[in-house]
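This is what each chain is made of:
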Amino acid sequence: MAITLDKVEPGNGGFVIIPGSHKANFPIPPEIADCDKLDENKYLINPNLNPGDVLLFTEAATHGAFPWYGDSESRRTVFYRFCPSNFGYGRGYLEKNEELGKDLTEQQRVVLQPPFTNRLNRYHLEDDGSIGCGVRSKQKLDYDRSVFDCEYF
C-alpha cells in the first residue's frame, strides 16, 4: 500500500506498474525491463495521484519507479507492506549502501529499519522525537541466547 504525499501526474515519473502482470507466466521481456522512459512503453502506467491517495498493488506485479520529472523538488510516499515478518525482504539495505545512509539522522535510520519479527528488540521514535527501544523481557532474551547461542536478540 502506498500513500502519496505529493501530487503525481502522468508523465511526472515515480511509481509505474504493468496492470495484470502479476498473472504473467513468463519472465519480463528485456525491452520492458530495460525501459527508462514512459513514452517508450505502452504497457507501463504512471497513475495520477493526489496527496492522500492510497494505491494498493501486489508486489507480484511488475512495478518500479522512474526518475522524477514533476514540478516539485521531491516525491514523497509512505509505503506500508502487508506480509508476515519472516517474509520481509530488504534486510541490511542501509548497511549495504553506505552512500544511501550517510546523510540520515538517527531518527531517519530508526524509521527506515528493515522489517523483522517481534522476537527482536526494535527501536522506535517517541512522541518527542527521541529514540526508544521496545525491549523484550529478560526471560525471553535469556531463552533466545540459550537456544541460538548468541547476543543477536
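Draft legend 1. Geometry of the pattern of salt bridges. By the definition in use, this model includes 3 salt bridges. With its nearest N and O atoms 3.0 Å apart, the salt bridge here joins R76 to D6. Note that R76 is positioned in the loop between β4 (63-66) and β5 (77-79) and D6 in the loop between β1 (2-4) and β2 (14-17), a separation of 70 residues in sequence. Relative accessible area serves as the criterion here: at 12%, D6 is assigned to the buried category. Ionic pairing is found between R145 and D142, a salt bridge with its closest N-O pair at 3.3 Å. Of this pair, R145 and D142 both sit in helix α5 (residues 138-148), separated by 3 residues, roughly a single helical turn. In this structure R145 comes out as partly exposed when scored by relative accessible area, which is 30%. Because the salt bridges share partners, they merge into one network encompassing K138, D142 and R145.

Draft legend 2. Up close: the packing of aromatic side chains. By the definition in use, this model includes 1 aromatic pair. Between F15 and F57, the ring centres sit 4.8 Å apart and the planes meet at 50°, which makes this aromatic pair tilted. In this pair, F15 sits in strand β2 while F57 sits in the loop between β3 (54-55) and β4, placing the two residues 42 residues apart along the sequence. Looking at F15, the relative accessible area reads 12%, which means it is buried.

Draft legend 3. Representation of the confidence of the model for the protein. When pLDDT is averaged along the protein, the result is 80; 81% of the residues meet or exceed 70. Across the protein, the element-wise mean pLDDT spans from 60 in helix α2 (residues 93-96) up to 94 in β3.

Draft legend 4. Just the sheet that holds β1, in detail. Judged by pairing direction, the sheet is antiparallel, and its 3 strands sit side by side in the order β3-β1-β5 without closing on themselves. Both edges of this open sheet fall to β3 and β5, since each of them pairs with a single strand only. Relative to β3, β1 runs antiparallel, the two being bridged by 2 bridges. Bridged to A2 within β3 is L55.

Draft legend 5. Up close: the side chain of D6. Here the side chain of D6 touches R76 through a polar contact of 2.7 Å, landing on its backbone nitrogen. Here D6 is in contact with L49, P51, S74, R75 and R76, once residues within four sequence places are set aside.

Draft legend 6. Region of interest: the environment of L56. Examined against the element boundaries, L56 turns out to sit in the loop between β3 and β4. On a C-alpha basis, the gap between L56 and I3 in space is 8.9 Å, while along the polypeptide they are 53 residues apart.

Draft legend 7. Broad picture of the nonpolar core. Within the largest apolar cluster, 7 residues are counted, these being A2, V8, F15, I17, L49, L55 and A61. When sequence neighbours within four positions are dropped, the list of residues in contact with L55 reads M1, A2, F15 and L49.

Thresholds, definitions, all that
- Residues numbered from 1 in each chain as written.
- Predicted model: local features only at pLDDT ≥ 70, side-chain atom pairs only at ≥ 80, totals over all residues.
- Heavy atoms only, no water.
- Salt bridge = Lys/Arg side-chain N within 4 Å of Asp/Glu carboxyl O.
- Helix = DSSP H or I, 4+ residues; strand = E, 2+ residues; numbered from the N terminus.
- Buried < 20%, exposed > 50% of the residue type's maximum accessible area, 1.4 Å probe, protein only.
- Phe/Tyr/Trp six-rings, centres within 6.5 Å; stacked < 30°, edge-to-face > 60°.
- pLDDT = per-residue confidence, 0-100.
- Pairing = 2+ DSSP bridges.
- Polar contact = N/O pair within 3.5 Å; in protein donor to acceptor, adjacent residues only side chain to side chain.
- Contact = heavy atoms within 4.5 Å.
- Core = buried A, V, L, I, M, F, W, Y, C linked by side-chain atoms within 4.5 Å.

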